[in-house]
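# Structure at a glance
Residue-level listing of the chains:
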Amino acid sequence: GHTHARRACRQPPAAPAVIPVIYIEREIATHPRVEAILERHPRAARVYCDRYGEILNRRAQNFRLQKKRPALILARKHANHVLEAPDGYGVGGDANYYFSHALNCLYDCRYCFLQGMYRSAHYVVFVNFEDYLEAIDARLAPGRQTWFFSGYDSDSLVLEPVTGFVTSMLPYFAQHPDAWLELRTKSTQVKPLLAREPLPNCVTAFSFTPERVSRALEHHVPPVEKRIDAMVRLARAGWPLGLRFDPLIHHEGYQAGYRDLFHEIFSRMPPQAIHSVSLGPFRLPRSFHNRMARLYPDEPLFACSLADRGGMVSYEPEVESAMVEFCTRVLRQYVDEDRL
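None of the values given here were measured: they were computed from a predicted structure.

## Notes on the sheet that holds strand 5 (residues 95–99)
For sheets, the rule is that strands pair by backbone hydrogen bonds, running either parallel or antiparallel. Here seven strands make up an open sheet; going across it, the order is 4-5-9-10-11-13-14 and the pairing mixed. Each having just a single partner strand, strand 4 (83–84) and strand 14 (274–281) make up the two edges of the open sheet. Pairing geometry for strand 5 and strand 9 (residues 146–150), over five bridges, is parallel. Along strand 9, the bridge assignment pairs Tyr 98 with Phe 149. Lying on the sheet, helix 11 (residues 254–266) is in contact with strand 13 (241–248) and strand 14; it crosses strand 13 at an angle near 170 degrees.

Take a look at the structure:
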């Protein structure tokens, strides 16, 4: 018990209690959502700008330094609110799309492609939620199960105390049973979901790696045990859950690590609460990998034997397939084939 308590203390708070600086695009300075966010963070310095890219893409920024105290950028997204998901991305719907109401993440997972994507560690929140709902609505077709994946360029729930995004989206999905929402997260911010009736077409999908990997690579992320607690609360309230073991991280004794993780989750989870389980091997575009390796030259993750396969960096094929095979075999003891 004591080690768990110590570990929990070591994790910095996930929700940004103190935001040092808020950048605001002039165009949306008087938007009600912007005003509400500024009201909740009266001590943050305010800086106005024309477009968020001026701040996010500025050259010569210190990503590692910014990651310690990231600023918030409030912006408007003008186009491409909803995009077609890449081939093979999805959990069995008839059509799959993804969207990003935020860019960058408060968490600091060393394997995450976001570490190599932007020059800045500041995070952007687009406040024009209604435009996202319009774009979602335009893609629905009667009788077709259409999925919308949130959490592609950020965590879906960690910023909820700041943005209120999920709270404002759920009424739409409550009225459109053919529209399915996946909230991909490593957060324990589940209060807005517990505050309302569960929706069968809104799946909260939690990403996990084994405890040892999480402690080494998932900085600022709540401990595995706390995330399982959040899942149990949602399951008891009737919310469907997803499990995403993605990316699979190779490490010494990975079989025991993943076996223990699966046991810990499934021994506490009512089977009927699990909507779907998916596995994804570690892959990164070569350019992202190079930038991340420069950012963290002492990170063992980037020093291990990785292969370049068609511009993507991943494990050697035999290592990858052995991991996928092993995890699939163990997961089959807990979940039916059609949910895996």
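Don't stop here, the text continues.
## Let's talk about the pairing of strand 16 (residues 306–309)
With four bridges connecting them, strand 16 and strand 17 (residues 312–315) associate as antiparallel partners. Looking across to strand 17, one finds that Leu 306 is bridged to Tyr 315. Where strand 16 hands over to strand 17, the hairpin turn is made up of two residues, of which Gly 310 adopts a positive phi near 60 degrees.

## Regarding helix 13 (residues 317–331)
Here helix 13 contains 15 residues, and its C-alpha end-to-end distance of 21 Å stays within 8% of the 21 Å for a straight helix at 1.5 Å per residue. When helix 13 is considered as a whole, its buried residues turn out to be Glu 320, Met 323, Phe 326, Cys 327, Thr 328, Val 330 and Leu 331. The inward-facing, buried residues of helix 13 contact strand 13, helix 11, strand 14, strand 15 (283–285), strand 16 and strand 17.

## What to know about the side chain of Thr 204
Counting through the fold element by element, Thr 204 comes out in strand 11 (residues 202–207). Contact partners of Thr 204, with chain neighbours within four places excluded, come to Leu 157, Leu 183, Thr 185, Leu 193, Leu 234, Pro 240, Leu 241 and Gly 242.

## Examining the pairing of strand 13
Strand 13 sits mainly inside the fold: seven of its eight residues count as buried. Looking at chain direction, strand 11 and strand 13 are connected through four bridges and run parallel. Within strand 13, the position partnered with Ser 207 by the bridge is Arg 244. The sheet contact formed by strand 13 and strand 14 spans six bridges and is parallel. By the bridge assignment, Leu 241 is partnered in strand 14 with Ile 274. The handedness of the strand 13 to strand 14 crossover, carried by helix 11, is right-handed.

## Some thoughts on the environment of Ile 136
By the secondary structure assignment, Ile 136 is in helix 5 (residues 129–138). Given the relative accessible area of 0%, Ile 136 is considered buried. Sequence separation between Ile 136 and Ala 179 is 43 residues, and the spatial gap between their C-alpha atoms is 8.3 Å.

## Description of the sheet that holds strand 3 (residues 72–75)
Taken together, five strands build an open sheet; the order of strands is 2-1-3-8-6 and the sheet is mixed. The open sheet has two edge strands, strand 2 (45–49) and strand 6 (102–103), and neither has a second partner. By the bridge criterion, five bridges tie strand 1 (residues 21–25) to strand 2 in an arrangement that is parallel. Looking at strand 2, one finds that Val 21 is bridged to Ala 45. Taken strand by strand, helix 2 (residues 32–40) contacts strand 1, strand 2 and strand 3, and its axis lies near 165 degrees from that of strand 1.

Reading guide: rules and limits
Residues numbered from 1 in each chain as written. Predicted model: local features only at pLDDT ≥ 70, side-chain atom pairs only at ≥ 80, totals over all residues. Heavy atoms only, no water. Pairing = 2+ DSSP bridges. Helix = DSSP H or I, 4+ residues; strand = E, 2+ residues; numbered from the N terminus. Contact = heavy atoms within 4.5 Å. Axes fitted to C-alpha atoms, helices over the stretch in contact; angles between N-to-C directions. Expected span 1.5 Å × (residues − 1). Buried < 20%, exposed > 50% of the residue type's maximum accessible area, 1.4 Å probe, protein only. Right-handed = clockwise from strand over helix to strand, strands pointing away.

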